[in-house]
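Residue strings, one per chain:
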Amino acid sequence: MGDDLVRAAGGVVWREGADGTEVLLVHRSKYDDWSLPKGKLDPGETWEQAAIREVFEETGVVAVLGRELAGAAYDDHKSRPKQVRYWSMAVAVEVPFEADDEIAERVWLGLDHAAGRLSYPRDVVVLDSFRESHA
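Described in the following lines is the structure provided in the data block. (Residues numbered from 1 in each chain as written. Predicted model: local features only at pLDDT ≥ 70, side-chain atom pairs only at ≥ 80, totals over all residues. Heavy atoms only, no water.)

1. Brief notes about the side chain of Ser88
Here's step 1: Mapped onto the secondary structure, Ser88 falls in strand 7 (residues 81-94).
Here's step 2: Owing to a relative accessible area of 11%, Ser88 belongs among the buried residues under this scheme.
Here's step 3: Every residue in contact with Ser88, bar those within four places of it in the chain, is listed here: Val12, Trp14, Val64, Leu65, Gly66, Arg67, Leu69 and Phe130. (Helix = DSSP H or I, 4+ residues; strand = E, 2+ residues; numbered from the N terminus. Buried < 20%, exposed > 50% of the residue type's maximum accessible area, 1.4 Å probe, protein only. Contact = heavy atoms within 4.5 Å.)

Here is the structure:
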């Protein structure tokens, strides 16, 4: 892992809905995509702390960290190597969502609908990892 490695953390935020397990996806205006909530680690922050903070900042959900899921490694939009670690995150408290410059919208979807809405195959791999561990 070189010094130019971008480290990020996030989660598959979930709750039980009327029709089964639902997960939370976010729409990012800048990239016009649907993804799992995640963000870069702050200096001195652990992966787990970053995951909890980023999920709250992007969704308004205070979540309980569960099992670690599949991660992702890819080059970001600036061609830097990026490593993302994800956790299963159960909803503890949900506050009203307010759109901002980063996150335009959030949506709760069942697992099959969520997989179809995600913009990147790497996020579907993470969602599949959640599905397998949550069964």
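2. Digging into the packing of aromatic side chains
Here's step 1: Applying the stated criterion across every chain yields a total of one aromatic pair.
Here's step 2: Between Trp14 and Phe130, the aromatic rings sit 6.3 Å apart at their centres with planes inclined by 45°, giving tilted as the arrangement. Of this pair, Trp14 sits in strand 1 (residues 6-17) while Phe130 sits in helix 3 (residues 121-134), placing them 116 residues apart in sequence. Phe130 matches Trp14 in its accessibility class, with the two residues each being buried.
Here's step 3: The ring centre of Trp34 lies 4.8 Å from the NZ or CZ of Arg117, which sits over that ring.
Here's step 4: Sitting over the ring of Tyr74, Arg122 keeps its end group 3.5 Å from the ring centre. (Phe/Tyr/Trp six-rings, centres within 6.5 Å; stacked < 30°, edge-to-face > 60°. Lys NZ or Arg CZ within 6 Å of the ring centre and 35° of its normal.)

3. A short note on the pattern of salt bridges
Here's step 1: Enumeration over the complete set of coordinates arrives at 11 salt bridges.
Here's step 2: Salt-bridge contacts for Arg53 lead to Glu57; the nearest nitrogen and oxygen are separated by 3.2 Å. Taken together, the positions of Arg53 and Glu57, both in helix 1 (residues 47-59) and four residues apart, correspond to about one turn of that helix.
Here's step 3: The shortest N-O distance in the salt bridge between Glu68 and Arg85 comes to 2.7 Å. Of the two residues, Glu68 sits in strand 5 (residues 61-68) while Arg85 sits in strand 7, which places them 17 residues apart along the sequence.
Here's step 4: Connected through salt bridges with shared partners, the residues Asp42, Glu45, Arg53, Glu54 and Glu57 form a single ionic network. (Salt bridge = Lys/Arg side-chain N within 4 Å of Asp/Glu carboxyl O.)

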